[in-house]
Amino acid sequence: MKLSDLNNEQLKAVKATKGPVLVFAGAGSGKTRVLTYKVWYLIKNKIYLPKEILALTFTNKAASEMRERINKSIKCDGVTVGTFHSIGARILRKYIKNLDKRYSSGFTIYDGSDQKLILKEIIEELDLNNYKEFNPNLLRAKIDSFKNASMSVKDVQSKANGFENEKIAEIYDLYLEKLIQNNAVDFNDLILLPIQLFKKNKSSLKSYQNLWKYILVDEFQDTNSPQFELISFLASGHKNITVVGDDDQSIYGWRGAEISNILDFEKTFSSCRVFTLEKNYRSTQEILNAA
């Protein structure tokens, strides 16, 4: 890696190492390159130690590719590169007892099949087998949507009107209780429970703010409300954070992604510096002319 590989706007984004940074990056403009070079730059110039850097991606594949690219140029052992959910799991393995003493650090992470088994139990307990509205697949989708929108049981209960919605709120409540009884969390809890932990236990939050002194986030346009809240907690002390995304590529609204997260980033992190990557390196000239 060398800085001469970067265009002028990429270089400015990489060198902005203090305070919040927002990078708008169009398709093929090198947004992941900016994050990768920035981690390299922070380590090479001894601005932060590898263990003080957290890089968040949306897939394990993207995380491993980023780590490999950095390692080719500089030793980055200690840099935490992972998905939101893997980082959430790491936090909970260490501190979940501070959130709820009924949990142990050896909790199980339930997948979709496990969730549906619990919901089948609840349907039978509430004698709802004869109602097609209460099937495990639909209920699992409902609960996922509640969690993606950061809705508590009380939030759902307050909006419930009519038999069906009231029962769904009751099922949601029982579902959460059964998870605790089984020392289990679901996929969404890997984001939600660390947020609850940080609200309840300030020392746990402080330990991670002191550990990760620089935070980088890829594909920021695809973050949902809980993911943005988790990032905001972690960066709220030092505000050393760089997020990269493309507001024209937000395609995950169906799973709770909030385009407002990237559009309103400057409101959450005032004094934010904004860089725009507009040069496309992926497409042929013919495609670019048409665009």
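Definitions and cut-offs
- Residues numbered from 1 in each chain as written.
- Predicted model: local features only at pLDDT ≥ 70, side-chain atom pairs only at ≥ 80, totals over all residues.
- Heavy atoms only, no water.
- Salt bridge = Lys/Arg side-chain N within 4 Å of Asp/Glu carboxyl O.
- Helix = DSSP H or I, 4+ residues; strand = E, 2+ residues; numbered from the N terminus.
- Buried < 20%, exposed > 50% of the residue type's maximum accessible area, 1.4 Å probe, protein only.
- Expected span 1.5 Å × (residues − 1).
- Bend = angle between axes of the 7 residues up to and from the residue.
- Phe/Tyr/Trp six-rings, centres within 6.5 Å; stacked < 30°, edge-to-face > 60°.
- Pairing = 2+ DSSP bridges.
- Axes fitted to C-alpha atoms, helices over the stretch in contact; angles between N-to-C directions.
- Contact = heavy atoms within 4.5 Å.

### Some thoughts on the pattern of salt bridges
Thought 1: In the structure shown here, the tally under the stated rule is 13 salt bridges.
Thought 2: Between Glu52 and Lys213 there is a salt bridge; the shortest N-O distance is 3.2 Å. Of this pair, Glu52 sits in the loop between helix H2 (31–44) and strand E2 (53–57) while Lys213 sits in the loop between helix H10 (202–211) and strand E6 (214–217), and the two are 161 residues apart along the sequence.
Thought 3: Using a relative accessible area of 13% as the deciding quantity, one classes Glu52 as buried.

### Concerning helix H4 (residues 84–99)
Thought 1: In this model, H4 (16 residues) spans only 19 Å end to end at C-alpha, well below the 22 Å of a helix rising 1.5 Å per residue.
Thought 2: A maximum bend of about 60 degrees is found in H4 at Arg93.
Thought 3: Within H4, burial applies to Phe84, His85, Ile87, Gly88, Ala89, Ile91, Leu92, Tyr95, Ile96 and Leu99.

### Considering the packing of aromatic side chains
Thought 1: Taken as a whole and assessed by the stated rule, the structure comprises 14 aromatic pairs.
Thought 2: Summarising the aromatic geometry, the rings of Phe220 and Phe228 are spaced 5.7 Å apart at their centres and angled 70 degrees between planes, so their arrangement reads as edge-to-face.
Thought 3: An aromatic cluster is defined as three or more aromatic residues linked by ring pairs; in this entry it consists of Tyr95, Phe198, Tyr208, Trp212 and Phe233.

### Considering the sheet that holds strand E8 (residues 273–277)
Thought 1: Sheet architecture is open: six strands sit in the order E3-E2-E6-E7-E1-E8, paired in parallel fashion. What marks the edges here is a single partner per strand, and that holds for strand E3 (80–83) and E8. Strand-to-strand twist of the sheet, defined as the mean angle between neighbouring strand axes without regard to direction, takes the value 15 degrees.
Thought 2: Relative to E8, strand E1 (residues 21–25) is paired through five bridges, and the arrangement is parallel. By the bridge assignment, Phe24 is partnered in E8 with Thr276.
Thought 3: Most of the contacts of helix H3 (residues 60–71) go to E3, to which it runs at about 160 degrees, and overall it touches E2 and E3.

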